[in-house]
Structure formats: C-alpha cells, structure tokens
Amino acid sequence: MHFLCKCGYRFHDSTDCLSYKGRIIADQDWNEFWDCIEELEKPHENSHAIYERIDDLFQLNLYQCPSCGRVFLENPENRSQLIRFTPCLEGEPEPDVNKRLLISSYGEKWKGHLYADWYDNKPEWCDNRGMIYPILNIQLDDLAFDDYESFEKRFYEVFEHLKGLHLISYAILNVNQKRAFRWSEKDNE
Ligand SMILES: [Zn+2]
C-alpha cells in the first residue's frame, strides 16, 4: 500500500518490519487469541488454520506518520480506506507528539535486517538490477545498483557496518533468486 500523508510524507508499505506500522487486535478478540495459543500448545492437526486465524485476529493495520505524527487506521468495513487521526492535546492539534508510537516493544534496541537482491536480467518490477534494503529502526534509503561489483562491495560494507553497530539480527544476499550469503546473529552466538 502506498499513500500520502496530509503533511506530504509518502508511505510505502512494501517491506516487513516497518517502524511506523502496527497491527491491532480488538479487546473482544483477545481471549480468542489466547485460545489459539493454547490450541497450538496441545497436539493438533492443522497448524495452518490456527496461524491463519491469528493473522485474521490481527488483521487491522495502523500507521503513524514519522514526520507529523498523524495516525491512519484501516476501516474494518472497507480496508482500502484509511481513517486519519490528528494528534490533539486539549482539543487542539498537537504537533509535538511522540512520532514513534508503533516501534517494537524492544524500543530502540530492536534489531533490524539487511536484504539484498541481484538479478542479471533486470525484472520488470525493478528499476535496477541490484537493490540493498536495510530494514532498521532508523530509516535509511534503499541502495540501487547496475553493476555487480559495486553492488556486492557495498553490500558487505553495509553489512559489516550494521553488524558492528549491533543493529541487525540477520542479513541475506540473493543472486538471481538463489541464496548467495546468509548471516544470522543466532547462528554466530
Ligand atoms: Zn504526516
């Protein structure tokens, strides 16, 4: 989903783990969520159906503009419609609110990921043959490349840098849809 905030900020919801997106569950569904967890703990036949149910319970997305703090909530009756809320204090619009309401429960300690994709033949949906996507608490621009050497060199530079700062928990490099490199903090503990 792509949309524009009233302040001009452009939302792109095309990757995972966005620092300005959350999912909400209705309090009326909370008990059912725990029923699902209980079912998963017991011997069961169909994990897939249970996971699907959990996904449904958390179906509504919420976004907060990192630039002005306005909040957008999907209308459950028409999910392509977003309802906008302006942060107010005593009824007056309050521009100085916390604009990171939707970051992880780990707060600034949340560790992100680094993805990179290279295609020898540029697919239609890409503007470039190589892309590096850092997914972090702080927003970094994606990096685009058209020659493999600079793409690969930059990937390992960014990787070493973010790993050194303890900002990522895993990194993946795909070349022509095949896994060329994978690092995970868990495997290296
Ligand atoms: Zn905004």
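Heads up: the structure comes first, above all this text.
Along each chain, the written sequence defines residue order, and numbers are assigned to residues from 1. Where totals are concerned, whole chains, interfaces and linings use all residues; where local detail is concerned, this predicted model gives features only for residues with pLDDT of at least 70, and gives and counts side-chain atom pairs only at 80 or more. As a rule here, side-chain values come from all non-hydrogen atoms in the structure, and water together with hydrogens is ignored.

S.K.: Let's hear about the sheet that holds strand β6 (residues 78-85): which residues, and what values?
M.R.: Reading across the sheet, the 4 strands line up as β3-β4-β5-β6 and stay open at both edges, with antiparallel pairing between neighbours. A single partner strand is all that each edge strand has here, and the edge strands are β3 (21-24) and β6. Adjacent strand axes in the sheet meet at a mean angle of 25°, parallel and antiparallel pairs treated alike. Relative to strand β5 (residues 71-75), strand β4 (residues 60-64) runs antiparallel, the two being bridged by 3 bridges. Each residue of the ladder has a partner; that of Gln64, found in β5, is Val71. Two strands are said to pair when DSSP picks up at least two bridges between them. By definition, any uninterrupted DSSP run of H or I lasting at least four residues is a helix, any uninterrupted run of E lasting at least two residues is a strand, and each is numbered from the N terminus. Here an angle of 0 to 180 degrees is reported between the N-to-C directions of two axes, which are lines fitted to C-alpha atoms, with helices fitted over the stretch in contact.

S.K.: Go over the sheet that holds strand β9 (residues 112-118), please, and point to the residues and values.
M.R.: One open sheet holds the 5 strands; their spatial order is β11-β10-β9-β12-β13, and the pairing between them is mixed. Strand pairing shows two members of the sheet lacking a second neighbour, β11 (143-145) and β13 (178-184), which therefore form its edges. Adjacent strand axes in the sheet meet at a mean angle of 10° when their direction is disregarded. In this structure, β9 lies alongside strand β10 (residues 130-135), joined through 6 bridges in antiparallel fashion. Within β10, the residue paired with Ala116 across the bridge is Ile132. When checking whether two residues touch, look at their non-hydrogen atoms; a contact exists if any pair is within 4.5 Å. In this fold helix α3 (residues 148-164) packs onto β9, β10, β11, β12 (168-175) and β13, with an angle of close to 170° to the strand it touches most, β12.

S.K.: Can you break down the pattern of salt bridges residue by residue, with the values?
M.R.: Salt bridges are defined as contacts in which a side-chain nitrogen from Lys or Arg sits within 4 Å of a carboxyl oxygen from Asp or Glu. If you walk through the whole model with that rule in mind, you get 11 salt bridges. One salt bridge connects Lys111 with Glu185, and the closest N-O pair in it is separated by 2.5 Å. Of this pair, Lys111 sits in the loop between β8 (92-93) and β9 while Glu185 sits in the segment after β13, and the two are 74 residues apart along the sequence. Notably, a salt bridge pairs Lys153 with Glu157, separated by 3.3 Å at the nearest N-O pair. Taken together, the residues Lys153 and Glu157, both in helix α3 and 4 residues apart, mark about one turn of the helix. The cut-offs for exposure are 20% and 50% of the maximum accessible area for each residue type, with area from a 1.4 Å probe on protein chains only; residues under the lower value are buried, those over the upper are exposed, and the others partly exposed. With relative accessibility at 40%, the residue Glu157 sits in the partly exposed group.

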